[in-house]
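Overview (structure and organization)
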Amino acid sequence: MKMKISPAEGKLGILIPGLGAVATTLIAGVEAVKKGISQPIGSLTQMGHIRLGKRTENRNPKIKDFVPLANLGDVVFGGWDVYEDNVYEAATNAKVLELGLLNSVKAELESIKPMKAAFDKNYAKNLNGTHVKQGTRYELAQQVMEDIKNFKEQNGLDRVVLVWCGSTEIYYEASAIHQTLAAFEQALLDDDKLIAPSMIYAYAALKLGIPFANGAPNLTVDIPALIELSKETQTPIAGKDFKTGQTLMKTILAPGLAARSLGVHGWFSTNILGNRDGLVLDDPDNFKTKEVSKLGVLEDIFKPEENKELYGEIYHKIRINYYPPHGDNKESWDNIDIFGWLGYKMQIKINFLCRDSILAAPIALDLALFCDLAKRANMSGIQEWLSFYLKSPQTAEGLRPENDIFKQLIKLENTLRYMMGEDLITHLGLDYYEEAYAEA
């Protein structure tokens, strides 16, 4: 039975806290795609196909032609940042995209000027931005809500989504103020410093019924209070941490090793990165947040407590080093010590020279478009089917996250089929052969 989904009529606003390398790469890319200058490579919503029905039916439409997604031509961007550079200036400073491409969409990028950010330097000590709002936590939340309302009105928008592309905040765990919406709202009034800036944006969005996706490993919406608010206002949330370089490789390779019952003694990962994200992660408290997000991936795939002979003694180490000369061109090295038949040892070594924002931009776009779809389909709370895009997927309490990227894709595609009233696909395939034998 097909779900009732409101049509994607009118304009969709994508508001982004943090107009740095990822956000500006996303915005410039979409504007270039709109002009026919480039292709949206890496975006499942734009380039991906989905199989419908049996293989013999040969129905494989593009996802954007199957589900009612917002058209890129109807997307309007805006956001907040601790620096007052417009998007063209910020993109030029980020040095991700070539000037030729940026200049082809210069007018569109220059027209997007950041709103002042809700910021607390204690959560990102290595940032020195001055383009910031003033006030208590409660006042900041009210100001962000006013920003959203004004942006929607000024641009004639029908709908809005928020995607956090800001910096990684310092590591900390949920406390009493994060357990209920009532306690959280009282903490806002009390200007409690345990409310992180990202939570202020998330609260403001959810209070207005606007979907929120978290692209960083921050706690943000991964707390009972904001989950409660998302259900109260019937609003989708998704988190956390864009799955880009090294972790993307892990979620591709580790399922293959596990599928073949090959053992792993150790997995050492190190990165060098020179963009603003690398600068923020150069602080140990911020790195801790990222480390926790990245460390859980292998545990969830290998399940060492269930597979002690293969993974019970795995040693997993992660390092990220700030290296300005590389800018956004992140380089990662992995050394994997594996063992096979009769315990004989082998090694895998990976050197991934990737572009962090090039990998993250299409993820941010897809999350925005899918969250908008979920809102129009009256889906609320945690959207686990969007785990495909995230390093540390958010799940309902008591549910173990699924980090196998292939299983995540099956979950995403089956959710889309379910929404549109199509049969779910199990990949069992026995019916083809049973029918053939019956005919024989």
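All residue numbers here refer to positions counted from 1 along the written sequence of the relevant chain. Only residues with pLDDT of at least 70 are given local features in this predicted model, and only at 80 or more are side-chain atom pairs given and counted; all residues enter the totals for whole chains, interfaces and linings. Note that the side-chain values use all heavy atoms of the structure and ignore hydrogens as well as water.

**Side note on the pairing of strand E2 (residues 75–81)**
Burial classes follow relative accessibility: with a 1.4 Å probe on protein chains only, a residue under 20% of its type's maximum area counts as buried, one over 50% as exposed, and anything between as partly exposed. Only DSSP runs of H or I with at least four residues qualify as helices, and only runs of E with at least two residues qualify as strands; both kinds are numbered from the N terminus onward. Most of E2 is tucked away: 7 of the 7 residues are buried. We call two strands paired when DSSP finds no fewer than two bridges between them. Here strand E1 (residues 12–17) runs beside E2; their pairing, made up of 6 bridges, is parallel. When the bridges of E2 are listed, Gly-13 appears paired with Val-76. Bridge count between E2 and strand E3 (residues 115–116): 2 bridges; the pairing is parallel. Directly across from Asp-81, in E3, lies its bridge partner Lys-116.

**Quick word on the sheet that holds strand E4 (residues 159–164)**
Taken in spatial order, the 7 strands make up an open sheet running E3-E2-E1-E4-E5-E6-E11, and their pairing is parallel. With partners counted over all chains shown, the strands left at the sheet margins are E3 and strand E11 (381–382), one partner each. Residues are treated as being in contact if the distance between any of their heavy atoms lies within 4.5 Å. Axis geometry follows a simple rule: fit a line to the C-alpha atoms, using only the stretch in contact for helices, then measure angles between N-to-C directions, giving values from 0 to 180 degrees. Contacts between helix H1 (residues 21–34) and the sheet are confined to E1 and E2, with E2 contributing the most and set at about 160° to the helix. Along the sheet, helix H7 (residues 137–154) makes contact with E1, E2, E3 and E4, crossing E2 at roughly 155°.

**Remarks on helix H9 (residues 197–207)**
Counting buried residues in H9 gives 10 out of 11 residues, a clear majority hidden from the surface. Taken as a whole, H9 has its buried residues at Pro-197, Ser-198, Met-199, Ile-200, Tyr-201, Ala-202, Tyr-203, Ala-204, Ala-205 and Leu-206. Two residues or fewer after H9 comes Gly-209, characterised by a positive phi angle close to 75°.

**As for the domain arrangement of the chain**
In many analyses, interface size is given as the accessible surface area lost on bringing the parts together. Domain start and end points were adopted from an automatic or database domain assignment. Per the domain assignment, the segments of the chain are domain 1 (12–242 + 357–420) and domain 2 (245–353). Centre-to-centre, using C-alpha coordinates, domain 1 lies 25 Å away from domain 2. With 31 residues of domain 1 in contact, the opposing surface of domain 2 contributes 30 residues. Buried area: the sum, over both parts, of the accessible surface (1.4 Å probe) that disappears when the two are put together. Carbon and sulfur atoms make up 54% of the area that domain 1 and domain 2 hide from each other, which totals about 2,500 Å². On the domain 1 side of the interface with domain 2, the three residues burying the most area are Tyr-171, Lys-391 and Arg-400, jointly 25% of the side's total. For salt bridges, the criterion is a side-chain nitrogen of Lys or Arg within 4 Å of an Asp or Glu carboxyl oxygen. Across the contact surface, domain 1 and domain 2 share 2 salt bridges. Between Glu-305 and Arg-400 there is a salt bridge, with the nearest N and O atoms lying 2.5 Å from each other. For the purposes of these results, a polar contact is taken to be a pair of N or O atoms within 3.5 Å, where, inside protein, one atom must be able to donate a hydrogen and its partner to accept one; residues adjacent in sequence count only when each atom of the pair is a side-chain atom. Along the contact surface separating domain 1 from domain 2 lie 8 residue pairs in polar contact (both at pLDDT 80 or more). Those elements that place two or more of their residues in the side of domain 1 that touches domain 2 are helix H15 (356–376) and helix H16 (405–419). For the side of domain 1 that touches domain 2, the leading source of residues is H15, giving 3 residues.

**Regarding the sheet that holds strand E8 (residues 315–322)**
Spatial ordering of the open sheet is given by E8-E7-E9-E10, a layout of 4 strands whose pairing is mixed. Of all the strands in the sheet, the pair left with one neighbour each is E8 and strand E10 (345–353). Within the sheet, the average angular offset between the axes of one strand and its neighbour, ignoring direction, is 10°. Bridge count between strand E9 (residues 331–339) and E10: 9 bridges; the pairing is antiparallel. Looking across to E10, one finds that Trp-333 is bridged to Asn-351. Relative to the sheet, helix H11 (residues 246–259) contacts strand E7 (263–273), E8, E9 and E10, its axis offset from that of E7 by approximately 165°.

**Considering the nonpolar core**
Counting residues in hydrophobic clusters, the biggest one holds 61 residues, and the most contacted among them are Ile-14, Ile-16, Phe-77, Phe-242, Phe-370, Tyr-389 and Leu-416. Per element, the largest residue contribution to this core is 12 residues, and it comes from H15. Here Ile-14 is in contact with Val-75, Val-76, Phe-77, Gly-78, Val-161, Val-163 and Ala-368, once residues within four sequence places are set aside. Nonpolar cores were defined as sets of buried Ala, Val, Leu, Ile, Met, Phe, Trp, Tyr and Cys residues, with membership established by side-chain atoms within 4.5 Å. Within the second largest apolar cluster, 46 residues are counted, among which are Val-132, Ile-148, Ala-202 and Val-221.

**Regarding a nonpolar patch on the surface**
Among the surface-exposed residues, Trp-341, Leu-342 and Tyr-344 lie close enough to one another that they form a single nonpolar patch of about 510 Å² accessible area. Take Trp-341: it is sitting in the loop between E9 and E10. Residue classification places Trp-341 among the exposed residues on the basis of a relative accessible area of 75%. Patch membership requires over 30% relative accessible area and the absence of a salt bridge. Like charges are linked within 9 Å, and nonpolar side chains (Val, Leu, Ile, Met, Phe, Trp, Tyr) within 5 Å. The Shrake-Rupley method, run with a 1.4 Å probe, gives the accessible areas here. Residue values count only the displayed protein chains as cover.

**Considerations on the pattern of salt bridges**
The final tally for this structure, using the stated rule, is 19 salt bridges. With a closest N to O distance of 3.3 Å, Glu-31 and Lys-34 form a salt bridge. In this pair, Glu-31 and Lys-34 are both assigned in helix H1, 3 residues apart and thus about one turn of the helix distant. The structure contains a network of salt bridges with shared partners spanning Glu-57, Arg-59 and Glu-422.

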